[in-house]
Amino acid sequence: MGINLSSTPLFAGIAAEEIGSLLQCLQAQECTYRKGDVILPEGTVTENMGVVLSGMAIISCVDIWGNSSILGNVAPGAVFAEAYACIPEEPLRITVSAAEDTTVLFLNIGRILSTCTNACPFHTKLVHNLLTVCAHKSLQLSKKILHTSPKSIRGRLMSYFSECAKHSGCNTFLLPYDRQQLADYLGVERSAMCHELSKMQKDGLIAYERKRITLQT
């Protein structure tokens, strides 16, 4: 595994030596994907949530005209598809794909939410952690709505950059997206966004080099 599971939000408070038994109880499965592979396609149903162990997953959706929108990324230690797994008859309205070579640990939600026959003391902790993770996901969605509410491209960029700076604790930070992914996330056209980035740099608002952004204050 690429990460120490006990350091992840889902397994917080569960000792490393207990995680092995817990994964066996949950019949967890580890899968590896190459960059560009689809992990979970839109339209399918799933009873499993995924935990990214290494690499990066991208959550996206495509409308009937083929326009793609990036909803977010899933870094190592983070989870995806937990809401759909809780309602297994609900088809996915999203696509989960590998942004780079990625390893995922799949956990069956039914086994997480059901009482463990072995009365594992850490099972209840896992359910509590899952609820906390879902709450954080709800907050992330609220942030995306906040970043896409400004009408101008500059307004959307500055809203997102401000959040990134607050999160990193520094005016210089690395974006988790490339240019196309950032444009999709903010719901704007890529060339128009790149043009606006150049204007913002000329106006002295930001300095950037590839994914590195510095806010000028």
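Here the structure is shown first, and the text comes after it.
Everything quoted here is computed from the prediction, not taken from an experiment.

## Overview of the environment of Val-45
Relative to the elements of secondary structure, Val-45 occurs in the loop between β2 (38–40) and β3 (48–54). Expressed as a C-alpha distance, the spacing of Val-45 and Thr-95, which sit 50 residues apart in the sequence, is 11 Å. What Val-45 contacts, discounting residues up to four positions off in sequence, is Pro-88, Glu-89, Glu-90, Pro-91 and Leu-92.

## Overview of the sheet that holds β3
Strand order in this open sheet of four strands is β1-β8-β3-β6, and the pairing throughout is antiparallel. The open sheet has two edge strands with one neighbour each: β1 (29–33) and β6 (79–80). In this structure, β3 lies alongside strand β8 (residues 102–108), joined through six bridges in antiparallel fashion. Bridge assignment links Asn-48 to a residue of β8, and that residue is Asn-108.

## Focus on the packing of helix α5 (residues 153–168) against helix α6 (residues 179–186)
One way to put it is that α5 packs onto α6 with a least axis distance of 11 Å and a crossing angle of 105°. One way to sum up the angle between α5 and α6 is to call them roughly perpendicular. Judged by residue contacts, Arg-156, Leu-157, Tyr-160 and Phe-161 of α5 engage Leu-182, Tyr-185 and Leu-186 from α6. Grouping the amino acids of the contact of α5 with α6 by side-chain chemistry returns six nonpolar, no polar and one charged.

## Topic: the state of the cysteines
With the rule as written, the count across this model stands at zero disulfides. Looking at Cys-86, it has no disulfide partner, and the nearest cysteine sulfur is the one in Cys-134, 5.8 Å off. By relative accessible area, Cys-86 is classed as partly exposed at 38%. Just so you know, Cys-194 is unpaired, no disulfide at all, and the nearest cysteine sulfur is the one on Cys-164, 16 Å from it. Judged by its relative accessible area of 21%, Cys-194 is partly exposed.

## What about the packing of aromatic side chains?
Throughout the structure, instances matching the rule amount to six aromatic pairs. Relative to Phe-173, the ring of Phe-161 has its centre 6.0 Å away and its plane inclined at 55°; by these criteria the two rings are tilted. Taken together, the positions of Phe-161 in helix α5 and Phe-173 in strand β9 (residues 172–174) put the pair 12 residues apart, joining distant regions of the chain. According to the relative accessible area criterion, Phe-173 is buried, its value standing at 5%. The ring of Tyr-185 has Lys-144 sitting right over it, with the charged end atom 4.2 Å from the ring centre.

Rules and cut-offs
- Residues numbered from 1 in each chain as written.
- Predicted model: local features only at pLDDT ≥ 70, side-chain atom pairs only at ≥ 80, totals over all residues.
- Heavy atoms only, no water.
- Helix = DSSP H or I, 4+ residues; strand = E, 2+ residues; numbered from the N terminus.
- Contact = heavy atoms within 4.5 Å.
- Pairing = 2+ DSSP bridges.
- Axes fitted to C-alpha atoms, helices over the stretch in contact; angles between N-to-C directions.
- Parallel < 35°, antiparallel > 145°, perpendicular 65-115°, else oblique.
- Nonpolar A, V, L, I, M, F, W, Y, C, P; charged D, E, K, R; others polar.
- Disulfide = S-S within 2.5 Å.
- Buried < 20%, exposed > 50% of the residue type's maximum accessible area, 1.4 Å probe, protein only.
- Phe/Tyr/Trp six-rings, centres within 6.5 Å; stacked < 30°, edge-to-face > 60°.
- Lys NZ or Arg CZ within 6 Å of the ring centre and 35° of its normal.

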